[in-house]
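Survey of secondary and tertiary structure
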Amino acid sequence: MTEATHLRDAHGPFFGATDSFTGFGGRFVPESLIATLDELTAEFEKARVDPSFASELAALHRDYTGRPSLLTRADRFGQHAGGATIYLKREDLNHTGSHKINNVLGQALIAKRLGKTRLIAETGAGQHGVATATAAALFGMECVIYMGEVDTERQALNVARMRLLGAEVVAVTSGSRTLKDAINEGMRDWVANTKTTHYLMGTVAGPHPFPEMVREFHRIIGEEAREQILVAEGRLPDAVVACVGGGSNAIGIFHAFLDDPSVALIGCEAAGLGIETDKHAATLNKGTLGVLHGAKCLMLQDADGQTIESHSISAGLDYPGVGPEHAWLKSIGRVDYRAVTDAEAMDAFRLLCRTEGIIPAIE
Amino acid sequence: MLAEKAARLGVEQTIRANAEAGRGTLIGYLPIGFPDLDTSVEAAIAIVRAGVDVLELGIPYSDPVMDGPVIQRATTAALEGGFHVRYVFDAVRRITSAVSAPVLTMTYFNPVLQYGVSEFARDFAAAGGAGVITPDLIPDEAGEWLAASDEAGLERVFLASPTSNDGRLEMIARLSRGFVYVVSTMGITGARHEVDQAARTLVSRLRAVTDRPLCVGIGISTPEQVSDVNSYADGAIVGSALVSALADGGVAGVTEVAAALAAGRFAGGSHAEGIQVG
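These remarks concern the structure in this document. (Residues numbered from 1 in each chain as written. Chains lettered and ligands numbered in written order. Predicted model: local features only at pLDDT ≥ 70, side-chain atom pairs only at ≥ 80, totals over all residues. Heavy atoms only, no water.)

Concerning the overall build of chain A
- Summing up its helical and strand segments, chain A has 13 helices and 11 strands in all.
- The C-alpha atoms of chain A give 19 Å as radius of gyration, which agrees with the globular expectation for 363 residues (21 Å, within 12%).
- A principal-axis box enclosing the C-alpha atoms of chain A has dimensions of 55 × 50 × 45 Å.
- Counted over contacts in chain A with a minimum sequence separation of 6, partners at least 24 positions apart contribute 70%. (Helix = DSSP H or I, 4+ residues; strand = E, 2+ residues; numbered from the N terminus. Rg over C-alpha atoms; globule rule 2.2 N^0.38 Å. Contact = heavy atoms within 4.5 Å.)

Laid out in structure tokens, this is it:
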């Protein structure tokens with residue numbers, strides 16, 4: 001698989017400042033953001049090859065986040081899956097309770113290097129907002145989190161956590177009042193405040209360099225998992241399964257296995273009430289090519305190009321777009337993207353609780 | 001009708017003709033379909049008759065990242081009222097058959113992409129449209145659009161920002177037709193008390209690399225600001241102030257505001273550093 005050796009090139013695949021290489025990604029944003037995106041790209045490129053950046057981030061991972069996260073064998077759960085040997089990569093055990101902290105710490109360090117004093121972010125379920133508020137507290141930065149009004153109601157506990165951490169939480173009342181509108185509002189804030197502010201995008205979507213940068217900071221999930229499974233089993237897994245909303249944790253774990261042709265990669269997106277209904281968030285299965293939040297990607301839209309509201313029982317997957325790299329991995333057939341309904345996800349959620357004593361996120 | 005069609009000037013020609021006549025240009029924005037399609041067409045015609053030189057018709061879009069609350073509210077209402085992108089062509093036909101001002105549309109890129117880039121350019125030109133402003137399409141990503149707009153003979157307006165470097169300003173001006181949209185301040189649409197000094201600086205930086213007309217937008221809402229902008233640039237773009245007036249006072253209200261804004265064009269007519277006329 002000579003072509004596959006390019007998949008996991010340290011700097012690739014290329015999702016650069018224009019969409020011309022893969023047909024996905026690029027920068028579909030107001031001109032006012034270009035200078036700051038260029039500045040961010042330059043600092044990120046410097047940081048990724050700077051040993052002092054790597055060691056600062058590694059120390060935070062070890063002493064603050066609690067990495068490496070565990071790989072837990074789930075035998076009783078596996079018995080319910082036809083006897084498969086299943087391991088869980090325990091990103092839930094990270095400080096703040098999700099994988100989001102990996103990316104947040106990386107970007108916050110970059111923001112600090114750029115002399116920014118204020119972090120803003122969107123959040124859906126609240127995990128990314130909590131992680132961003134955490135980093136802002138740790139680094140002594142001001143923090144504003146944009147959250148759709150609908151989500152502030154269904155995720156009230158996380159709103160309280162963000163406020164405890166010192167962040168201002170803005171309930172977004174425009175559009176559909178969910179994650180996509182929170183991103184719009186974050187971008188509006190950023191356009192007006194680029195001098196002081198870093199927009200800490202929480203997923204592998206958005207304009208270049210976000211898809212590549214967020215992937216870079218979550219790559220550690222798959223690198224750890226690959227090493228851990230080789231120690232535990234002496235072999236690579238047959239398959240790696242991850243949920244996909246915007247797709248940051250999935251990219252994080254898939255990336256290390258892209259060039260292992262024996263490893264099937266399976267992305268599960270939210271089928272909501274079913275992909276045959278209009279209540280789902282199955283962007284990769286049902287979406288079409290369009291521009292959303294600064295990147296060309298697959299998205300849920302009507303014939304006029306208006307974004308269609310997504311639906312998922314999981315606020316973290318309730319997003320009508322997806323990262324451009326997932327659209328590309330689908331187009332080349334490397335990842336098999338499947339849709340899982342709310343009901344199926346809830347069944348699996350309950351099963352994991354009762355067989356393993358682990359209460360996961362619904363995602 | 002035929003005579004009027006033959007006499008219709010493009011956007012750049014209109015701006016230059018105004019400069020030659022010793023006055024500035026007022027570009028007025030209204031979204032199509034707000035508060036409903038017929039009223040939006042009626043309002044557009046009315047503001048031209050009140051003195052707006054160039055119309056900028058907004059295509060309502062679900063994710064308008066460059067727009068502030070006033071325009072967001074109006075375009076959301078238009079979408080809830082059942083707006084479709086194809087309505088723009090009918091609206092332009094109706095407007096251009098009533099008044100001779102050139103008509104631009106301001107649209108985010110995804111509706112154009114879904115309609116078909118060359119199909120959109122072709123149909124908009126066929127309806128009598130003069131050109132298109134693309135707030136979230138930078139020249140770097142515009143390959144297909146450059147070809148399609150050239151093919152259809154449309155004027156093509158890109159935005160220049162205070163933070164754009166000199167190389168980008170040169171590219172933006174070189175690839176723009178009609179005028180360059182000078183973003184007055186870092187931020188989104190909406191009335192502001194003071195238009196930044198940044199606009200003046202950006203205009204003079206652009207003058208150094210282009211003789212394209214330069215029109216300033218974002219935050220301009222009063223006749224005094226229109227006058228001030230026209231003292232150093234070639235036109236002023238007003239959006240939210242007109243949309244507010246339409247929302248609050250209907251066609252009569254927006255007509256009154258447009259007439260007041262249009263009076264601001266005259267004060268700054270003889271700017272020394274402006275485009276070369278004659």
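Having seen the model, we can carry on.
Things to note about the side chain of Ser69(A)
- Note that Ser69(A) resides in the loop between helix 2 (51-65) and strand 1 (71-73).
- Excluding residues that lie within four positions of it along the chain, Ser69(A) makes contacts with Lys89(A), Arg90(A), Glu91(A), Asn94(A), Glu224(A) and Gln228(A).

Thoughts on the packing of helix 7 (residues 117-126) of chain B against helix 8 (residues 143-152) of chain B
All names here are of chain B.
- Two elements in contact, helix 7 and helix 8, have axes whose closest approach is 9 Å; the angle formed by their N-to-C orientations is 30°. Classified by the angle between their axes, helix 7 and helix 8 sit roughly parallel to one another. Remark: the crossing between helix 7 and helix 8 carries right-handed chirality. Within the contact between the two elements, helix 7 uses Val117, Ser118, Ala121, Arg122 and Ala125 and helix 8 uses Glu144, Trp145, Ala148, Ser149 and Ala152. (Axes fitted to C-alpha atoms, helices over the stretch in contact; angles between N-to-C directions. Parallel < 35°, antiparallel > 145°, perpendicular 65-115°, else oblique. Left-handed = near helix turned anticlockwise from the far one by under 90°.)

Concerning the pairing of strand 3 (residues 118-123) of chain A
Residues and elements named next belong to chain A.
- Of all the 6 residues making up strand 3, 6 are buried; the element is thus mostly covered by neighbouring parts of the structure.
- Of the two faces of strand 3, the one holding Arg118, Ile120 and Glu122 and the one holding Leu119, Ala121 and Thr123 are both buried throughout.
- One ladder, built from 6 bridges, connects strand 3 with strand 4 (residues 142-148); its direction is parallel. Within strand 4, the position partnered with Leu119 by the bridge is Cys143.
- The β-α-β motif built from strand 3, the intervening helix 5 (residues 127-139) and the parallel element strand 4 has right-handed crossover chirality.
- Inspection of the sheet shows strand 3 paired to strand 6 (residues 197-199) by 3 bridges, in the parallel sense. (Buried < 20%, exposed > 50% of the residue type's maximum accessible area, 1.4 Å probe, protein only. Pairing = 2+ DSSP bridges. Right-handed = clockwise from strand over helix to strand, strands pointing away.)

Re the pattern of salt bridges
- Enumeration over the complete set of coordinates arrives at 45 salt bridges over all chains.
- Residues Arg67(A) and Glu91(A) are paired through a salt bridge, measuring 2.7 Å at the closest nitrogen-oxygen approach. Placement of the pair is Arg67(A) in the loop between helix 2 and strand 1 and Glu91(A) in the loop between strand 2 (87-89) and helix 4 (100-113), with a sequence separation of 24 residues.
- Residue class for Arg67(A) comes out buried when judged on its relative accessible area of 6%.
- Judged by its relative accessible area of 8%, Glu91(A) falls in the buried class.
- Here Arg200(B) and Asp228(B) are joined by a salt bridge, their closest N and O atoms 3.0 Å apart. Taken together, the positions of Arg200(B) in helix 10 (residues 197-207) and Asp228(B) in helix 11 (residues 223-230) put the pair 28 residues apart, joining distant regions of the chain.
- One salt-bridge network, held together by shared partners, links Glu45(A), Arg48(A), Glu212(A), Glu216(A), Arg219(A) and Glu223(A). (Salt bridge = Lys/Arg side-chain N within 4 Å of Asp/Glu carboxyl O.)

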